[in-house]
Amino acid sequence: MQRSQLVRPAAMFWGLTVFMPVGVPYLAALLVLLALFVAGDWRERAQRLRANPMWWPIVAYVAWTLVILALRPWYPQTPSNLAHGLRIAATLLMALALTREEAVWALRGFLLMALFNIVLIAAFWSAIFLKIYFPVLEPYRGVIFLVGNKSISNALLFTILGATAAVFGLQALSEHRPLRAVAALAVTLAVVVVITFSLPSRTSLLALLLVIPAACVHQWRRQLKVLALALVASGAIMAVGLWNSPAVQQKFELGVQELEAAQNGAVSEGSWVVRYYMYRDTGRMILDRPLTGWGIGGWTEQWHLRGPKLLADYNMPHNDFLWMGSQAGIPGALTLLAIMLTGVWVAWRRNDLYGRYAFAAQLIALIATNANSALRDAQIGLSLLWVSTIYLRLAQEPGDSWRGLLPRRATDALSGDAPPPRRP
């Protein structure tokens, strides 16, 4: 294999391993980095990065991080927080440095493994229902069961798959291709079942509920009458689904109850209780030192001084903008926000199917960054950020940027183009 082709399998391997325990995506990230180094073409990749709208927000983020590192005190958590902060930038840069073909290979790996895992989950629960023994390999435990932040990451990755299917289905509907729309809807419904019952995640459900109407806005923003009908129809479908899903209602009712309890002074490890105290106390950290923050790694020490003792073991505030703001001040939080919003803006500007795919993926990443430590936590960020940026990278390529993902006939279905007529 030629050196220039080494990046393709490495990128696909990262795509294939995004659902695996965090050590495997770390290995995949290292392989991609090594492959980029060995493959050469550094000048071309550097020019691609410099021309990318994401370049200057990433540079500002890294530069401000290093300024704060030099100006503010160091803490025991400084090395790990610095490493995670630079990892965020490195993941973005590696994804954006890929050629179109390399990004397609990465996307191919993600979609293949996401669909395989949907089948795996269905097979497992079917076997349980039929009382058939079904062995679960340890690497797949976090795919089938909720076992910590890696399962939250997997739920968010499934959400990207569900949003991708929904976007494709909307395109199929607009082209009067009902069979394709039904097939896409089936994938989206499968994702809803997974993130409701197998990997219950309120963040993922909320993201899907917000992203699908946003995709309608992206698709029909110049056709206001069609947009209004699409929003009403999607809202009605979601309302019926929520009304007939007690499990989903209970999840959000529990969250409201936890929030009310926290406001009344109760302390527990309930998801929204933890977030209430973290957001409140981290906001106070930022107000105390709005310009330069407490220093890289300073959040944990301040949390121990301010937060409830029961929650002292947490090492991140479940919101990456608050995490960055507490450590690097409001300018630091704004640099991270600029990165995320630039990704959304770049995807929004491309008014076609591929821009819509990226728009949905970027919105999911943005929502997760607000509701979880989706970038700071490597168990989530190594996979979610990689996949969402791959979508964005392909949206920056002209024309049919997903070509080559699947055989010709399947690719035509994804792009919405009819195959050429056969010659007699």
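Residues numbered from 1 in each chain as written. Predicted model: local features only at pLDDT ≥ 70, side-chain atom pairs only at ≥ 80, totals over all residues. Heavy atoms only, no water.

Comments concerning the overall build of the protein
Part 1 of the argument: Across its full length, the protein carries 18 helices and zero strands.
Part 2 of the argument: The C-alpha atoms of the protein give a radius of gyration of 22 Å, which matches the 22 Å a tight globule of 424 residues would have.
Part 3 of the argument: In terms of its C-alpha atoms, the protein occupies a principal-axis envelope of roughly 80 × 55 × 50 Å.
Part 4 of the argument: Relative to its 424 residues, the protein shows a buried fraction of 54%.
Part 5 of the argument: A sequence separation of at least 24 residues applies to 75% of the contacts in the protein between residues at least 6 apart.
Part 6 of the argument: Between the centroid of the 36 positive side chains of the protein and the centroid of its 21 negative side chains there is a distance of 6 Å. (Helix = DSSP H or I, 4+ residues; strand = E, 2+ residues; numbered from the N terminus. Rg over C-alpha atoms; globule rule 2.2 N^0.38 Å. Buried < 20%, exposed > 50% of the residue type's maximum accessible area, 1.4 Å probe, protein only. Contact = heavy atoms within 4.5 Å. Lys, Arg positive; Asp, Glu negative; His and termini not counted. Charge placed at Lys NZ, Arg CZ, Asp CG, Glu CD.)

Regarding the side chain of Thr342
Part 1 of the argument: Inspection of the secondary structure puts Thr342 in helix α15 (residues 320-349).
Part 2 of the argument: Judged by its relative accessible area of 13%, Thr342 is buried.
Part 3 of the argument: At a separation of 2.6 Å, a polar atom in the side chain of Thr342 contacts the main-chain carbonyl oxygen of Ala338.
Part 4 of the argument: The residues contacting Thr342, other than those within four sequence positions of it, are Pro53, Met54 and Pro57. (Polar contact = N/O pair within 3.5 Å; in protein donor to acceptor, adjacent residues only side chain to side chain.)

Side note on the packing of aromatic side chains
Part 1 of the argument: Overall, the coordinates contain 18 aromatic pairs when judged by the stated rule.
Part 2 of the argument: Ring geometry for Trp14 against Trp386: centres 3.8 Å apart, planes inclined by 10 degrees, an arrangement best described as stacked. Here the residue Trp14 occupies a position in helix α1 (residues 7-16), and Trp386 occupies one in helix α17 (residues 378-395), the gap between them amounting to 372 residues. Like Trp386, Trp14 is buried. (Phe/Tyr/Trp six-rings, centres within 6.5 Å; stacked < 30°, edge-to-face > 60°.)

A word on the side chain of Thr99
Part 1 of the argument: Tracing the sequence through the fold places Thr99 in the loop between α5 (78-97) and α6 (100-129).
Part 2 of the argument: In contact with Thr99, other than residues within four places in its own chain, are Arg45, Arg48 and Arg393.

Some thoughts on the pattern of salt bridges
Close approach of charged atoms allows side chains of opposite charge to pair.
Part 1 of the argument: Counted by the stated rule, this structure contains 11 salt bridges.
Part 2 of the argument: The salt bridge involving Arg100 is made with Glu101; its shortest N-O contact spans 3.7 Å.
Part 3 of the argument: The exposure class of Arg100 is buried, given its relative accessible area of 10%.
Part 4 of the argument: Via salt bridges that share partners, Arg280, Asp281 and Arg284 belong to a single interconnected network. (Salt bridge = Lys/Arg side-chain N within 4 Å of Asp/Glu carboxyl O.)

Quick look at the packing of helix α13 (residues 271-288) against helix α14 (residues 298-306)
Part 1 of the argument: The interhelical angle for the contact between α13 and α14, taken along N-to-C directions, is 115 degrees, at an axis separation of 10 Å. One way to sum up the angle between α13 and α14 is to call them roughly perpendicular. Considering only the axes of α13 and α14, their crossing is right-handed. Each of Tyr277, Met278, Asp281, Thr282, Arg284, Met285 and Asp288 in α13 lies in contact with α14, whose residues at this interface are Trp299, Gln302, Trp303 and Arg306.
Part 2 of the argument: The residue inventory of the contact of α13 with α14, partitioned by class, reads five nonpolar, two polar and four charged. (Axes fitted to C-alpha atoms, helices over the stretch in contact; angles between N-to-C directions. Parallel < 35°, antiparallel > 145°, perpendicular 65-115°, else oblique. Left-handed = near helix turned anticlockwise from the far one by under 90°. Nonpolar A, V, L, I, M, F, W, Y, C, P; charged D, E, K, R; others polar.)

So, the confidence of the model for the protein
Part 1 of the argument: This prediction gives the protein a mean pLDDT of 91; 93% of its residues lie at or above 70.
Part 2 of the argument: The lowest-confidence element of the protein is helix α18 (residues 408-415), averaging 52 in pLDDT; the highest-confidence one is helix α4 (residues 55-71), averaging 98.
Part 3 of the argument: The model gives residues 413-424 a pLDDT under 50, and that stretch makes 19 contacts with residues more than four places away or in other chains. (pLDDT = per-residue confidence, 0-100.)

A few points about α6
Part 1 of the argument: Taking 1.5 Å as the rise per residue, α6 with 30 residues should run 44 Å; its terminal C-alpha atoms sit 43 Å apart, in good agreement.
Part 2 of the argument: Downstream of α6 by one or two residues, Lys131 has phi in the positive range, about 60 degrees. (Expected span 1.5 Å × (residues − 1).)

What about the packing of helix α3 (residues 42-50) against α5?
Helices that pack against each other are described as a pair by the angle of their axes relative to one another and the distance between those axes.
Part 1 of the argument: It is at 9 Å that the axes of α3 and α5 come closest, and there the two elements cross at 110 degrees. Taken together, the axes of α3 and α5 are roughly perpendicular relative to one another. For the element pair α3 and α5, the recorded crossing hand is right-handed. Contact with α3, carried on its side by Arg45, Arg48 and Leu49, involves Leu93, Leu96 and Ala97 of α5 and no other residues of that element.

Some thoughts on the nonpolar core
Part 1 of the argument: Judged by nonpolar contacts, the single largest core of 113 residues is most densely connected at Phe110, Phe158, Trp386 and Tyr391.
Part 2 of the argument: Ranked by residue count, the leading element in this core is helix α16 (residues 353-371), at 13 residues.
Part 3 of the argument: Setting aside residues up to four positions removed in sequence, Phe110 forms contacts with Gly15, Leu16, Val18, Phe19, Leu157, Ile160, Leu161, Val387 and Tyr391.
Part 4 of the argument: Core analysis: the second largest hydrophobic core is formed by 11 residues, Tyr75, Met278, Met285 and Leu311 among them. (Core = buried A, V, L, I, M, F, W, Y, C linked by side-chain atoms within 4.5 Å.)

Some words on a nonpolar patch on the surface
Part 1 of the argument: A grouping of Leu27, Leu30, Leu31, Leu33 and Leu34 is seen on the molecular surface, where their side chains present a nonpolar patch of about 430 Å² in accessible area.
Part 2 of the argument: Examined against the element boundaries, Leu27 turns out to sit in helix α2 (residues 23-39).
Part 3 of the argument: Of the residues examined, Leu27 reaches a relative accessible area of 43% and is grouped as partly exposed. (Patch = residues over 30% accessible without salt bridge, like charges linked within 9 Å, V, L, I, M, F, W, Y side chains within 5 Å. Areas by Shrake-Rupley, 256 points an atom, 1.4 Å probe, with all protein chains shown as cover.)

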